[in-house]
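Descriptive structure summary
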Amino acid sequence: MIGFDDAVRFSGYLGGIGIPMDAADFRLMSDSGVTVWEMVNRGLGVAAMLREGG
């Protein structure tokens, strides 16, 4: 999994909306949505996005 911001904070947010994740589930993190999207495009992992990307 690729996440945004801080792994602990992001996993807490996801848990709050019904997606049970642990901080250890995230191998890559970035503060930049563009960077996260590029990591996904390069096959480095999967990420939850707010809408379909280019």
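To be clear, the structure that these remarks concern was listed above.
Computed from a predicted structure; not experimentally measured.

**Some words on helix α2 (residues 33-41)**
Capping the start of α2 is the job of one residue whose side-chain oxygen sits 3.3 Å from the backbone nitrogen of Val34: Ser32. Two residues or fewer after α2 comes Gly43, characterised by a positive phi angle close to 80 degrees.

**Some words on helix α1 (residues 7-16)**
Regarding α1, the residues found buried are Ala7, Phe10, Ser11 and Leu14. Mapping the buried residues of α1 onto a view down its axis gives an arc of 95 degrees, with all of them on the same face. Facing away from the buried side of α1 by more than 90 degrees, the exposed set consists of Val8, Arg9, Tyr13 and Gly16. Against the buried residues of α1 lie β1 (2-4) and β2 (28-30). Two to three positions downstream of the cap, the backbone nitrogen of Val8 sits 3.1 Å from a side-chain oxygen, assigning the N-cap of α1 to Asp6. Trailing α1 by a residue or two, Gly18 shows a phi angle of about 95 degrees, which is positive.

Calculation notes
- Residues numbered from 1 in each chain as written.
- Predicted model: local features only at pLDDT ≥ 70, side-chain atom pairs only at ≥ 80, totals over all residues.
- Heavy atoms only, no water.
- Polar contact = N/O pair within 3.5 Å; in protein donor to acceptor, adjacent residues only side chain to side chain.
- Helix = DSSP H or I, 4+ residues; strand = E, 2+ residues; numbered from the N terminus.
- Buried < 20%, exposed > 50% of the residue type's maximum accessible area, 1.4 Å probe, protein only.
- Arc of directions from axis to C-beta.
- Contact = heavy atoms within 4.5 Å.

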